[in-house]
Amino acid sequence: MARDTTDETPLNSVSELSDYLASGARPEDQFRLGTEHEKFAFFFADNSPVPYAGEASISALLTGMQQKLGWDPIMDRDNIIGLGERSGMGAISIEPGGQFELSGAPLETIHQTCAESNRHLDVLREVAEPMGIRFLGIGGSPKWTLAETPRMPKSRYEIMSRYMPKVGTQGLDMMYRTCTIQVNLDFSSEMDMARKMRVSMKLQPLATALFSSSPFTEGKPNGLLSWRGDIWRDTDNNRSGLLPFVFDADFGFKDYVEWALDVPMYFVVRDGRYHDCTHVTFRQFMNGALKGEIADWEPTLGDWTNHLSTLFPDVRLKKFLEMRGADGGPWRRICALPAFWVGLLYDEGALAAAEELTAGWSYEDVLALRNAVPAKALKAEIAGRPLIDVAREVVNISRAGLAARNRLNGEGQDETVFLATLDEVLAKKATMADDLLMLYHGRWQGSVEPIFDQYKY
């Protein structure tokens, strides 16, 4: 999220929180997709991380991008922390360790999201290369220790950094040493939201397996294929992971709201200042818990919107659905991830087929898969079935969904081509992480340094 919200509309009842989520519903012919991707900034002279401040720095990159694009700077105190496209249709932000993120505009096709990513990377290279900076597309920082990783001067991150060690063992690694690709998708009704959320939550561990790309930590193999996936197993389990109630047949907006109400808050923003609120839940906030602590203690719609952005389930519900399971990766994967999910969720036939395939999977089945995937990836099993067999079936369902969508929309552009990356993974029976480990033990001669050159943007 590039910009924390300051909508001062007062909140008077819990029902308004569900109404906010429900207001995201839109007709199918207005469905869009918004793709986000993060990458690690590094100096190509020595593969070292890029600090926030200085002539060659994250802040200089943001300033240079602002001059090239004409987007509005987003400030936190006196620090530039992001850029917003003036119509609100896109943003650039920085993650806690300096990971550079594009939050793409809501677009109609995968072709458009690929073109958007290309334009972003072209402009970014134009700004970054004179500073000696390039970017690495991968799921986990392969070399730098947590101490070596820079910290961005963003108020919400300061609060999170203090809080994370209290609620899990890997929260700081999540913040500072991981990157993801995700896609945000629409729903047409509460029932449509529930179907899509249930199917995508069941299949999120499969996405983690297919996109696994984080086998290194601090210069050595970490024994995992998706270190990022493992990190999410103990970041803050009050606000992340699988949500059991999503598996219920009558799941709806109210269930998500009731869960979110009892998750501890991170902050509220008043007059540009971030107040640490990690000691109260949103329900307690609604009941007046901050009265006497801050001047404007009454909850607002902006507070609720910000709180929703601090929840980290494998599929996150806002006024749209966020697919959050995949590791970061090279450019082709920025196109493959939205293609995978659009194919599954934006065609009725594909969604029904995915529902049928996963109908017998219990919460316990999916949790066991989620726990196994970081180490085993496609060698894991779900309900006694090899995951790679499931993956082939799911990718074919996605392909059929994309083909049907292309026929229906008459776009004349085949979106199924963007699944080629996943077809290669399945044909080789090897993830990107497997490929990286083979290179490490072979041509790279036990070094991670070549990854910065061979997998740079």
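Residues numbered from 1 in each chain as written. Predicted model: local features only at pLDDT ≥ 70, side-chain atom pairs only at ≥ 80, totals over all residues. Heavy atoms only, no water.

With that out of the way, let us pick up the overall build of the chain. Each helix and strand in the chain was counted, giving 17 helices and 18 strands. The C-alpha atoms of the chain give 21 Å as radius of gyration, which agrees with the globular expectation for 457 residues (23 Å, within 12%). The dimensions of the chain, computed from C-alpha atoms along their principal axes, are 60 × 55 × 45 Å. Burial statistics for the chain: of 457 residues in total, 62% are counted as buried. (Helix = DSSP H or I, 4+ residues; strand = E, 2+ residues; numbered from the N terminus. Rg over C-alpha atoms; globule rule 2.2 N^0.38 Å. Buried < 20%, exposed > 50% of the residue type's maximum accessible area, 1.4 Å probe, protein only.)

This brings us to the pattern of salt bridges. Considering all chains together, one arrives at 31 salt bridges under this definition. Lys-196 is paired through a salt bridge with Asp-192; the nearest N and O atoms lie 2.9 Å apart. Of the two residues, Lys-196 and Asp-192 both sit in helix 6 (residues 190-210), four residues apart, roughly one turn of that helix. When the shortest N-O distance is used, the salt bridge between Arg-270 and Asp-303 registers 2.8 Å. Linking Arg-270 in strand 12 (residues 267-270) with Asp-303 in helix 10 (residues 301-308), this pair joins segments that are 33 residues apart in sequence. (Salt bridge = Lys/Arg side-chain N within 4 Å of Asp/Glu carboxyl O.)

What follows covers the state of the cysteines. A complete count under the given rule lists one disulfide for this structure. Linked covalently through their sulfurs, Cys-114 and Cys-335 form a disulfide whose S-S length is 2.0 Å. One end of the pair, Cys-114, is in helix 3 (residues 110-128); the other, Cys-335, is in helix 11 (residues 331-345), and 221 residues separate them in sequence. Sulfur of Cys-179: no disulfide; nearest cysteine sulfur belongs to Cys-335 and is 17 Å away. (Disulfide = S-S within 2.5 Å.)

Turning to the environment of Glu-95, a few remarks are in order. Its location among the elements puts Glu-95 in the loop between strand 5 (91-94) and strand 6 (100-103). We classify Glu-95 as buried; its relative accessible area is 17%. Residues Glu-95 and Ala-25, 70 residues apart in the sequence, show an inter-C-alpha distance of 29 Å.

The quantities given are spatial measurements derived from coordinates; they are silent on function.
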